[in-house]
Amino acid sequence: MQNIDRNPPGLVVILGTGGTIAGTAASAASHVGYQAGALGVEVLVAAVPPLRGLALETETLARLDSCHMDHATWAALVRRAAWHLARPEVAGVVVTHGTDTLEETAFFLHRTVAAAKPLVLTAAMRPATALSPDGPQNLFDAVTLAREPGAHGVLAVLGGVVHAGASLRKVHGYRVDAFSAGDAGPVALLEDGRVRTLRPWPAGALHDAVARAPQRLREPTGWPAVDIVTSHAGARAAVIDALVAAGARGLVIAGTGNGSVHAELRAAAQRARAAGVVVRRASRCLLGGVVASDAGEGGATGNAADLLPDAGVLTPVQARVELLLDLLAAG
Ligand code: ASP
């Protein structure tokens, strides 16, 4: 009840997509051997006593392990989130999701949903059946954030830390403290049911595809294939050649260091470009992106004719989303 007094009334819609937050394991001691997405979102809400009495609506869109996240679920999320956010009685929308692709969905929503209210993603590293699950607190924090006056934009809250959807990165495969915003840092903190802002709420940044290709955005079966290739010691051109032969319309190369690309891949990437495939290079480093150089991705030894466009600060998975939207907007 204390929380109701702190916040003005406002309906929060919770869209469920599955994930570990909705996962169940045979043993309470197990954090990894579980079935993700086993529980409906209404069961998750019922497990959080402080949410009782709040105006909430739930809608289960999918029950995916988010490592299997697909474009159809993304298109449904955009549609439902935008629809609910436009309802005057809705204060904000929460999305429960798996942690594995949370950063991809967050960036996709950041670029496709006009969120003048909070659109808050949350997840958990431990299943709902764990001795000490992190999901209930994260869900409570997400609803609190969705009701926060003045908050807006695509946000993610986990472990009491609020990140902008544009900057989210999963940085650990097991620990509860698994997310970071890299160089951008967190936006706010959730402390005992209160939001403490550290910097302004993120500004919206809708991609052109939203205005130019709304119908194509709604039809994920027609989305162009965009794949990611990692540059590494002993890299083989055959990977890129095979993807082009399989119909790739866009390629992101997760380059080494500042986006440098193995000569084998570079040659194949140039062949792909000559065949009409759009290629961008990002960095496979955990932090930072690609700092552009006039000399191209080869630095001082780079050949200007070999220059592959860079994806700037975007991570490889973000660059893939951006390129997908660029191709949709281009028609
Ligand atoms: N594989 C799970 C998922 O992404 C992991 C998690 O949610 O933590 O759905």
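This section reports on the structure supplied with the text.

Rules used in this analysis
- Residues numbered from 1 in each chain as written.
- Predicted model: local features only at pLDDT ≥ 70, side-chain atom pairs only at ≥ 80, totals over all residues.
- Heavy atoms only, no water.
- Pairing = 2+ DSSP bridges.
- Helix = DSSP H or I, 4+ residues; strand = E, 2+ residues; numbered from the N terminus.
- Axes fitted to C-alpha atoms, helices over the stretch in contact; angles between N-to-C directions.
- Core = buried A, V, L, I, M, F, W, Y, C linked by side-chain atoms within 4.5 Å.
- Buried < 20%, exposed > 50% of the residue type's maximum accessible area, 1.4 Å probe, protein only.
- Contact = heavy atoms within 4.5 Å.
- Near = heavy atom within 4 Å.
- Polar contact = N/O pair within 3.5 Å; in protein donor to acceptor, adjacent residues only side chain to side chain.
- Areas by Shrake-Rupley, 256 points an atom, 1.4 Å probe, with all protein chains shown as cover.
- Nonpolar A, V, L, I, M, F, W, Y, C, P; charged D, E, K, R; others polar.
- Salt bridge = Lys/Arg side-chain N within 4 Å of Asp/Glu carboxyl O.
- Phe/Tyr/Trp six-rings, centres within 6.5 Å; stacked < 30°, edge-to-face > 60°.
- Right-handed = clockwise from strand over helix to strand, strands pointing away.

So, the sheet that holds strand 13 (residues 226-230)
Now for step 1: Reading across from one edge, 13-14-15 is the order of the three strands in this open sheet, with parallel pairing throughout. Looking at which strands have only one partner, the edges of the open sheet turn out to be strand 13 and strand 15 (278-283). Averaged over all adjacent pairs, the angle separating strand axes in this sheet is 25 degrees, with direction ignored.
Now for step 2: Across six bridges, the pairing between strand 14 (residues 250-255) and strand 15 is parallel. Residue pairing across strands places glycine 250 opposite valine 278, the latter belonging to strand 15.

Side note on the nonpolar core
Now for step 1: Counting residues in each nonpolar core, the largest one holds 48 residues, and the members touching the most others are Phe108, Leu109, Leu119, Leu121 and Trp223.
Now for step 2: Elements that contribute at least two residues to this core include exactly strand 1 (11-18), strand 4 (56-64), helix 3 (71-85), strand 5 (90-96), helix 4 (102-112), strand 6 (118-122), strand 7 (153-158) and helix 10 (316-330).
Now for step 3: No other element matches the eight residues that helix 10 contributes to this core.
Now for step 4: When residues no more than four places from it in sequence are discounted, the contact partners of tryptophan 223 are His71, Trp74, Ala75, Phe108, Arg216, Leu217, Leu324 and Leu328.

Section: the site of the ligand
Now for step 1: What surrounds the ligand is the set Gly19, Thr20, Tyr34, Asp65, Ser66, Gly98, Thr99, Asp100 and Ala124.
Now for step 2: Threonine 20 places a side-chain nitrogen or oxygen 2.8 Å from an oxygen atom of the ligand.
Now for step 3: One nitrogen or oxygen atom from the side chain of threonine 99 is found 2.5 Å from an oxygen atom belonging to the ligand.
Now for step 4: Summarising the interface, the protein chains cover 94% of the accessible area of the ligand, which totals 260 Å² for the free molecule.
Now for step 5: In terms of residue class, the shell around the ligand is made up of two nonpolar, five polar and two charged.

Some points on the sheet that holds strand 4
Now for step 1: Ordered in space as 4-1-5-6-7-8-11-12, the eight strands form an open sheet in which the pairing is mixed. Two strands in the sheet have a free side with no partner beyond their single neighbour: strand 4 and strand 12 (194-197). Between one strand axis and the next, the sheet turns by 25 degrees as a mean value, whatever way the strands run.
Now for step 2: Across the sheet, helix 3 is in contact with strand 1, strand 4, strand 5 and strand 6; its angle to strand 4 comes to roughly 175 degrees.

Here's the deal with helix 4
Now for step 1: For helix 4, the buried fraction is high: eleven of the eleven residues fall into the buried class.
Now for step 2: Within helix 4, the full set of buried residues consists of Leu102, Glu103, Glu104, Thr105, Ala106, Phe107, Phe108, Leu109, His110, Arg111 and Thr112.

A look at the pattern of salt bridges
Now for step 1: In total, this model carries ten salt bridges according to the counting rule given.
Now for step 2: Residue arginine 111 is joined to glutamate 322 by a salt bridge in which the shortest nitrogen-to-oxygen separation is 2.7 Å. Placement of arginine 111 in helix 4 and of glutamate 322 in helix 10 is noted, with a sequence separation of 211 residues between them. A single burial state applies to arginine 111 and to glutamate 322, both of which are buried.
Now for step 3: When salt bridges that share partners are traced, they join Glu57, Arg87 and Glu89 into one network.

Side note on the packing of aromatic side chains
Now for step 1: Taken as a whole, this structure holds two aromatic pairs when the rule is applied.
Now for step 2: Both rings, one in tryptophan 74 and one in phenylalanine 108, keep their centres 4.5 Å apart while their planes meet at 15 degrees; by these two values the pair is stacked. Separated by 34 residues along the polypeptide, tryptophan 74 in helix 3 and phenylalanine 108 in helix 4 bring together distant segments of the chain.
Now for step 3: Assessed through its relative accessible area of 1%, phenylalanine 108 is described here as buried.
Now for step 4: Aromatic pair phenylalanine 108 and tryptophan 223: ring centres 5.8 Å apart, planes at 45 degrees, arrangement tilted.

Side note on the pairing of strand 14
Across a regular strand the side chains alternate sides, sitting on one face of the sheet and then on the other.
Now for step 1: Among the six residues of strand 14, six are classified as buried, and the element is accordingly described as predominantly covered.
Now for step 2: Burial of the side chains of strand 14 extends over both faces: Gly250, Val252 and Ala254 are buried on one face and Leu251, Ile253 and Gly255 on the other.
Now for step 3: Between strand 13 and its parallel partner strand 14, the chain crosses via helix 8 (residues 237-245), and the hand of that crossover is right-handed.

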